[in-house]
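The lines below spell out each chain.
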Amino acid sequence: MGKKKVWEIYDDLIDSIPDDLTVLECMLGVSWTAVKSENGIGVAKTIKGGKKGLEIGEISGLKLKELAKYAKSWNMLEASLGQAAINSAFNTAPQCADSPGLTLNKEHEHGKNNAFNLLSEDLVNKKVAVIGHFPEVEKLHDICNLSVLERDPWAGDYPDSACEYLLPEQDFVFITGTAFTNKTMPRLIELSRKARIILVGPSVPISEVLFKYGVYIIAGFIVTDEKLIWKAVQEGKKMNIFKHGGEMICIRR
């Protein structure tokens, strides 16, 4: 995969952001990072590590597209801000309402409509890989041949390096949105090209650009109450962020 090719998915997302949007403020929280623009709030998982030294200067007043370019940074805190900036451009209720094939919402209220449950019938007896140890993912063992890959493996998980060996033989692959931030997304998608690919989590941009890359379903996060979500990020809420001002939705190709 050439240099231009690996960055293509990032560049397509960034190029899709309107030129006139400006960053109003941001918050680099312990668990989540939030960026507020004139379009709304976008969140992404806060990832630490990578290249040392922050290079971003004054963020408030910066063009949203310029901050979004930091999603390509090898400093993971900068990349977290960049990913949240991308999501600020796409993950809003009005824009998602205009997307074709809007299939689900309010996961946090019912717990029955997340991407895993949405596809549960399709997963029966299939080879299924999940990148990232999502809550209660172990339940999928009852219906499919499940492989969970995790950078910090739980009992029974594979290390993330197993992706090179496991993903090409899967029927379904669920990929955490943090793979955008840590830069593994292009390779994970390439390895999963024979499978149905589902991108999952608050860090995933809800942009139809992703369907161009073979993504089958986007299961992302929209903010429904800006004050609540800002407070949740400020207070270091973790997975229960879904109960504090936002909801998961899925759109199909």
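Higher on the page you've got the structure.
The structure contained in this document is the topic of the report that follows.

Rules used throughout
- Residues numbered from 1 in each chain as written.
- Predicted model: local features only at pLDDT ≥ 70, side-chain atom pairs only at ≥ 80, totals over all residues.
- Heavy atoms only, no water.
- Helix = DSSP H or I, 4+ residues; strand = E, 2+ residues; numbered from the N terminus.
- Rg over C-alpha atoms; globule rule 2.2 N^0.38 Å.
- Buried < 20%, exposed > 50% of the residue type's maximum accessible area, 1.4 Å probe, protein only.
- Contact = heavy atoms within 4.5 Å.
- Areas by Shrake-Rupley, 256 points an atom, 1.4 Å probe, with all protein chains shown as cover.
- Lys, Arg positive; Asp, Glu negative; His and termini not counted.
- Charge placed at Lys NZ, Arg CZ, Asp CG, Glu CD.
- Phe/Tyr/Trp six-rings, centres within 6.5 Å; stacked < 30°, edge-to-face > 60°.
- Lys NZ or Arg CZ within 6 Å of the ring centre and 35° of its normal.
- Pairing = 2+ DSSP bridges.
- Axes fitted to C-alpha atoms, helices over the stretch in contact; angles between N-to-C directions.
- Salt bridge = Lys/Arg side-chain N within 4 Å of Asp/Glu carboxyl O.

**Brief notes about the overall build of the protein chain**
Piece 1. Scanning the protein chain for helices and strands turns up 11 helices and 11 strands.
Piece 2. Against the compact-globule benchmark of 18 Å for 253 residues, the protein chain has a radius of gyration of 17 Å, which places it among compact chains.
Piece 3. Viewed in the frame of its principal axes, the protein chain has a C-alpha envelope of about 50 × 40 × 35 Å.
Piece 4. Looking at the protein chain as a whole, 54% of its 253 residues qualify as buried.
Piece 5. Summarising the internal contacts of the protein chain: among those between residues at least 6 apart in sequence, 62% fall at separations of at least 24.
Piece 6. In the form shown here, the protein chain has an accessible surface area of approximately 11,900 Å², with 50% of it arising from carbon and sulfur atoms.
Piece 7. Looking at charge distribution, the protein chain has the averaged site of its 31 positive side-chain charges lying 2 Å from that of its 33 negative ones.

**Here's the deal with the packing of aromatic side chains**
Piece 1. For the coordinates displayed, the defined rule picks out 5 aromatic pairs.
Piece 2. Seen from their ring centres, tyrosine 10 and phenylalanine 180 are 6.1 Å apart, and the 90° between their planes marks the pair as edge-to-face. Here phenylalanine 180 lies in helix 9 (residues 178-181) and tyrosine 10 lies in helix 1 (residues 3-15), a separation of 170 residues in the sequence. Here tyrosine 10 and phenylalanine 180 have matching classes, each one buried.
Piece 3. Across from the ring centre of tryptophan 74, 5.4 Å away, lies the NZ or CZ of lysine 183, which sits over that ring.
Piece 4. The ring centre of tyrosine 216 lies 4.4 Å from the NZ or CZ of arginine 196, which sits over that ring.

**Some thoughts on the sheet that holds strand 3 (residues 40-45)**
Piece 1. Ordered in space as 1-2-3, the 3 strands form an open sheet in which the pairing is antiparallel. Strands with a single pairing partner mark the edges of an open sheet, and in this sheet they are strand 1 (23-28) and strand 3. Strand-to-strand twist across the sheet, computed as the mean angle between neighbouring axes with direction ignored, equals 15°.
Piece 2. Here 5 bridges tie strand 1 to strand 2 (residues 32-37), and the two strands are oriented antiparallel to one another. Bridge pairing in strand 2 links valine 23 to serine 37.

**As for the environment of isoleucine 198**
Piece 1. Examined against the element boundaries, isoleucine 198 turns out to sit in strand 9 (residues 196-200).
Piece 2. Residue class for isoleucine 198 comes out buried when judged on its relative accessible area of 0%.
Piece 3. As a C-alpha pair, isoleucine 198 and leucine 24 span 174 residues in sequence and 31 Å in three-dimensional space.
Piece 4. When near neighbours in sequence (up to four residues on either side) are disregarded, isoleucine 198 contacts Ala115, Leu119, Phe172, Val173, Phe174, Ile175, Tyr216 and Ile217.

**Description of the pairing of strand 11 (residues 246-252)**
Piece 1. Most of strand 11 is tucked away, with 6 of its 7 residues classed as buried.
Piece 2. Note: strand 10 (residues 215-223) against strand 11, 7 bridges, orientation antiparallel. Its bridge partner lying in strand 11, isoleucine 222 is registered against glutamate 247.

**A closer look at the side chain of asparagine 182**
Piece 1. Turning to its location among the elements, asparagine 182 is positioned in the loop between helix 9 and helix 10 (185-191).
Piece 2. When neighbours within four sequence positions are excluded, asparagine 182 is seen to be in contact with Trp74, Met76 and Arg151.

**Some remarks on unusual backbone geometry**
Piece 1. The backbone of glutamate 136 sits at a positive phi, close to 65°, despite the residue not being glycine.
Piece 2. For glutamate 136, the position within the fold is in the loop between strand 5 (127-131) and strand 6 (145-150).
Piece 3. Even without being glycine, lysine 183 reaches a positive phi, approximately 80°.
Piece 4. Mapped onto the elements, lysine 183 comes out in the loop between helix 9 and helix 10.

**A look at the pattern of salt bridges**
Piece 1. For the structure on display, the rule yields 13 salt bridges.
Piece 2. A salt bridge links glutamate 190 to arginine 187, with the nearest nitrogen and oxygen atoms 2.6 Å apart. With glutamate 190 and arginine 187 both in helix 10, this residue pair falls 3 residues apart, about one helical turn.
Piece 3. For glutamate 190, a relative accessible area of 25% translates into the label partly exposed.

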